[in-house]
Amino acid sequence: MGGTVVNHDQQFIADVLIRDGLIVEVSPEIKAPEGTRVLDATGLLVMPGGIDPHTHLDMPFMGTVTADDFYSGQAAALAGGTTMHIDFALPVDHDIREGLRAWKEKAARSCMDYGFHMAITKWDAEVSEAMEELVREGINSFKFFMAYKGVLQVSDSELASGLQRCKELGALPMVHAENGDMVAWLQERLVSGGITGPEGHALSRPAALEGEATGRAIRLAGVVGVPLYVVHVMSIDAMEEIARARQSGQRVVGEPVASGLALDEGALWDANFTRAAAFVMSPPIRAPHHAPALRKLVATDHAVFNSSQKAAGRHDFRKIPNGVNGIEERMHVTWQEMVVSGLATPSDFVRMTSTAAAQVFNVYPRKGRVAAGSDADVILLDPRVSHTLGVGSHHSRMDTNVYEGKVVQGKVVTTISRGRLVWHEGRLRVEPGSGRFVPLPSHGPLFQASAVRGHGMEEQSRRAATFPYGPTPVPREGS
Ligand code: URP
Ligand code: ZN
Ligand code: ZN
Ligand code: ZN
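Quick caveat: nothing in here was measured; it's all calculated off a predicted structure.

### Topic: the sheet that holds strand β10 (residues 141-145)
Then comes step 1: Ordered by their spatial adjacency, 7 strands build an open sheet running β5-β8-β9-β10-β11-β12-β13, and the pairing between neighbours is parallel. Two strands lie at the open edges of the sheet, namely β5 (50-55) and β13 (252-254), each paired on one side alone. The sheet shows a mean angle of 25 degrees between the axes of neighbouring strands, direction not considered.
Then comes step 2: Against the sheet, helix α2 (residues 96-106) touches β8 (82-89) and β9 (113-120), its axis set at about 155 degrees to β9.

### Let's talk about the packing of helix α4 (residues 156-169) against helix α7 (residues 207-224)
Then comes step 1: Where α4 meets α7, the axes come as close as 10 Å, and the angle between the chain directions of the two elements is 45 degrees. As summarised for this structure, α4 and α7 are arranged oblique, according to the angle between their axes. Like other packed secondary-structure pairs, α4 and α7 cross with a definite hand, here right-handed. Where α4 abuts α7, its residues Asp156, Leu159, Ala160, Leu163, Gln164 and Lys167 lie against Leu220, Ala221 and Val224.
Then comes step 2: Of the residues belonging to the contact of α4 with α7, the class tally is 6 nonpolar, 1 polar and 2 charged.

### Remarks on helix α13 (residues 346-360)
Then comes step 1: In this model, α13 (15 residues) spans 20 Å end to end at C-alpha, consistent with the 21 Å of a helix rising 1.5 Å per residue.
Then comes step 2: Its maximal kink placed at Met352, α13 deviates by approximately 50 degrees.
Then comes step 3: Here α13 lies mainly inside the structure; 13 of its 15 residues are buried.
Then comes step 4: Two residues or fewer after α13 comes Asn362, characterised by a positive phi angle close to 65 degrees.

Parameters and conventions
Residues numbered from 1 in each chain as written. Chains lettered and ligands numbered in written order. Predicted model: local features only at pLDDT ≥ 70, side-chain atom pairs only at ≥ 80, totals over all residues. Pairing = 2+ DSSP bridges. Helix = DSSP H or I, 4+ residues; strand = E, 2+ residues; numbered from the N terminus. Axes fitted to C-alpha atoms, helices over the stretch in contact; angles between N-to-C directions. Contact = placed C-beta atoms within 7 Å. Parallel < 35°, antiparallel > 145°, perpendicular 65-115°, else oblique. Left-handed = near helix turned anticlockwise from the far one by under 90°. Nonpolar A, V, L, I, M, F, W, Y, C, P; charged D, E, K, R; others polar. Expected span 1.5 Å × (residues − 1). Bend = angle between axes of the 7 residues up to and from the residue. Buried ≥ 20, exposed ≤ 12 C-beta atoms within 10 Å, placed from the backbone.

Spatial relationships are all this shows, so hold off on functional conclusions.
Here it is as structure tokens:
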């Protein structure tokens, strides 16, 4: 009662009444029905719970498995004010049906709402057919890797086939945009030149290779005529490609991650291997001037490995499992970097951490808004409280934290997940198995209204307008 309700487009003082997991009323002076638990929110901001659209819980990767599973990762998320995430399911032996089955099993231990993206790691008729089945099951986005050569990477023609299929299905294609062939080439040269430490990770993945792949993916999406979502944008080079495409009318969404907003690549040169290796993720954390100014939506790419797992690459940076933490820190880091610094308003914050993801992945306004009829995923943020991030206070299973010692102003003091008070007065009350799968419907807002325009390729696109059935041949005499 009595808090300031903040949505992405409005801010007002009101009470919020929650019943059976739903928000039933938002208005001043609600008379609480008998038996209702009343929380005093005076002086606090009442906002929709965060939605992290990019996480990797319980993911087998680079010879090991991420340290947070669906229970520990989600518990950490709830303590940090995030009430829904969209995790990347990976195919099992390139089989995406098996992949979805496996990820549903992992998620049986969930304690908050979640959805899935699916990665596509090879292309054939079977994958293409299975994509339709997955869309029917509530998967509305597919990720293609342009990096991790020999493991997850797809070729341009595989990517184009995938983009085409996404277009047919009204599903959003996502790309990990780095030139994987060139990364492998640089890695080889660095290692043979004696650079085997974590700094080699940064040196082998320059911003130019991220910019090049981002531009390439955008152009392929333009030729096919489908919207595109670029995950973990970490450089000005990539950002400029995205900005240019958007300016020309192409529908491209760039996703910054919290680590890219707040951290500095200098950590990769730390003389202590364990500290440096904790910062290894791809694309790499860069110099601060690369901090993405794309502030529509902020994710984390939470993919965590303990120091013993990172140690696999002590003598060869190519073997350090890639990934950093953030699922618990994202809301606080974004509030600090954007709102406390004066770059954004509380409403902008709500859009970046919740509403935009709900819209892009087509669950708005069920998620991403404090309003009657929406799911009761609500947080209370106290802008007066400052606190320190790090291993000592986090809830992840990680033994390191890339935000160690960072002091942030503003603290999520209460988290409500579908009506349940799960984080309050510094205590977590969560139960494995209480989270729910949220199916994400196809044909989201990016597929609606005006036709998707090409990247200066409108003419070809018009001629190819009958894709996928193909343009009609020009009838010619004698043929
Ligand atoms: O380093 C990263 N980003 N690890 C997770 C896998 C990915 O590429 O998203
Ligand atoms: Zn990626
Ligand atoms: Zn630079
Ligand atoms: Zn990722």
